Amino acid sequence: MNTEKASEQLQPIVEAYVGEYASGKSENAVNRAIYLKKQGLAVTIADLDTVEPCYTLRPIKRELEGLGIDVVAWETRDTTGLGEAGNVITGSMRWVMRRKGSIIMDIGYGVHGARIFNIIEGAIENPYLKIIAVLNMSRPFTSTVDNILEYVATLGRVDAVLNNTHMAEETTVDIVECGARGVTEAAKRIGVPVVATAAVTEIAEKIGSVDCMGNPVWKLERIMPRAFW
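Parameters and conventions
Residues numbered from 1 in each chain as written. Predicted model: local features only at pLDDT ≥ 70, side-chain atom pairs only at ≥ 80, totals over all residues. Heavy atoms only, no water. Pairing = 2+ DSSP bridges. Helix = DSSP H or I, 4+ residues; strand = E, 2+ residues; numbered from the N terminus. Axes fitted to C-alpha atoms, helices over the stretch in contact; angles between N-to-C directions. Contact = heavy atoms within 4.5 Å. Core = buried A, V, L, I, M, F, W, Y, C linked by side-chain atoms within 4.5 Å. Buried < 20%, exposed > 50% of the residue type's maximum accessible area, 1.4 Å probe, protein only. Disulfide = S-S within 2.5 Å. Salt bridge = Lys/Arg side-chain N within 4 Å of Asp/Glu carboxyl O. Polar contact = N/O pair within 3.5 Å; in protein donor to acceptor, adjacent residues only side chain to side chain.

**Q** Tell me about the sheet that holds strand 7 (residues 194-200), and please be specific about residues and values.
**A** Taken together, 8 strands build an open sheet; the order of strands is 3-2-4-1-5-6-7-8 and the sheet is parallel. This sheet does not close on itself; its edge strands, each paired only once, are strand 3 (70-72) and strand 8 (217-220). Going from strand to strand, the sheet's axes swing by 25° on average, the running direction of each strand aside. Note: strand 2 (residues 43-48) against strand 3, 3 bridges, orientation parallel. Paired with Ala46 across the bridge in strand 3 is Val72. Here helix 2 (residues 25-38) sits on the sheet and contacts strand 1 (14-19), strand 2, strand 4 (102-107), strand 5 (129-135), strand 6 (160-163), strand 7 and strand 8; the angle it forms with strand 4, its principal contact strand, is near 165°.

**Q** Before we move on, can you summarise the environment of Met137 with the specific residues and values?
**A** As for its position among the elements, Met137 is in the loop between strand 5 and helix 6 (145-154). Taking C-alpha positions, Met137 is 8.6 Å from Ser23, a pair spaced 114 residues apart along the chain. What Met137 contacts, discounting residues up to four positions off in sequence, is Thr142, Ser143, Thr144, Val145, Ile148, Thr165, Cys178, Gly179, Gly182 and Val183.

**Q** Pulling in residues and values, what's your account of the nonpolar core?
**A** Nonpolar side chains tend toward joint burial in soluble globular proteins. Counting residues in each nonpolar core, the largest one holds 30 residues, and the members touching the most others are Val96, Met105 and Val161. Mapped onto this core, the elements with two or more residues apiece are strand 1, strand 2, strand 4, strand 5, helix 6 and helix 7 (173-190). Excluding residues that lie within four positions of it along the chain, Val161 makes contacts with Ile132, Ala133, Leu135, Val183, Ala187, Val192, Pro193, Val194, Val195 and Ala196. Ile60, Val71, Ile104 and Met224 belong to the second-largest nonpolar core, a separate cluster that totals 27 residues.

**Q** Tell me about the state of the cysteines, and name the residues and values.
**A** If you walk through the whole model with that rule in mind, you get 0 disulfides. Unpaired in this structure, Cys178 has its nearest cysteine sulfur neighbour in Cys212, at a distance of 8.6 Å. A relative accessible area of 38% places Cys212 in the partly exposed class.

**Q** I'd like a description of the pattern of salt bridges, backed by residues and values.
**A** Here the structure, examined in full by the defined rule, presents 9 salt bridges. We note a salt bridge from Arg189 to Asp146, for which the minimum N-O separation is 3.2 Å. Pair noted here: Arg189 is in helix 7 and Asp146 is in helix 6, with a separation of 43 residues, a long-range link. Exposure remark for Asp146: the relative accessible area of 43% places this residue in the partly exposed category.

**Q** Before we move on, can you summarise the pairing of strand 7 with the specific residues and values?
**A** For a regular strand, side chains alternate in direction, first toward one face of the sheet and then toward the other. The element strand 7 is extensively covered by neighbouring structure, given that 6 of its 7 residues are classed as buried. Relative to strand 7, strand 6 is paired through 3 bridges, and the arrangement is parallel. Across the sheet, residue Val161 finds its bridge partner in strand 7, namely Val194. One ladder, built from 4 bridges, connects strand 7 with strand 8; its direction is parallel.

**Q** How would you explain the side chain of Thr197 if you had to name every residue and give the values?
**A** Considering the arrangement of structural elements, one finds Thr197 in strand 7. There is a polar contact of 3.0 Å between the side chain of Thr197 and the side chain of Asn163. For Thr197, the residues in contact, after removing those within four places along its chain, are Asn163, Val176, Ala180, Asp211, Asn215, Pro216, Val217 and Trp218.

**Q** How would you sum up the pairing of strand 2? Please name residues and give values.
**A** Taking burial as the measure, the 6 residues of strand 2 include 6 buried ones, the bulk of the element. In strand 2, alternate side chains face the same way, and those of Val43, Ile45 and Asp47 on one face and Thr44, Ala46 and Leu48 on the other are all buried. Bridge count between strand 2 and strand 4: 6 bridges; the pairing is parallel. Within the sheet, the bridge partner assigned to Ala46 lies in strand 4 and is Met105.

This is the structure:
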């Protein structure tokens, strides 16, 4: 039996993805939800990003639902009259922690995004919640180990980190592996685990099942570029 599926039977998988702008948190959240669904698990993904109005789950909501994933998010057509961003917390978002099965949350970037936990009922008290900081060492605020330490400290609670170092189409294995070394060192100094190194499938397959630091490698399909509205 798949070990993650067996674990789900004992306790739910509840993960919240936070990170700097363009860190890849949304991409990882969506890919994680799809992966868990393919393992036969019941999955809910919630768009709780109240900071960035452009990249949201709205344009791909029906696509994800077609895969059998329960999506808690506005659709673009539903935001008419709500302003440019249209980011309003609904009851289904506020009570998302009451959903059964796995729950994946896409949280807005930076400290302002992390504050969403204050209005999500039962979030902080949930014993299964894992808040994962997605780190891209090609971004200015997280470009060095010291920068990462300073940045993560602003987020409040962080339970784990994920290396998602990339430079879009210019990403190479060396770029990803360099990020793996830096993120792993930062994680040790913070005192949290590295859940994985994430990379697009082409790069991930070149790296193998683990990165140069022994962290699991997650393959990503680029989905979020078509979620721009």
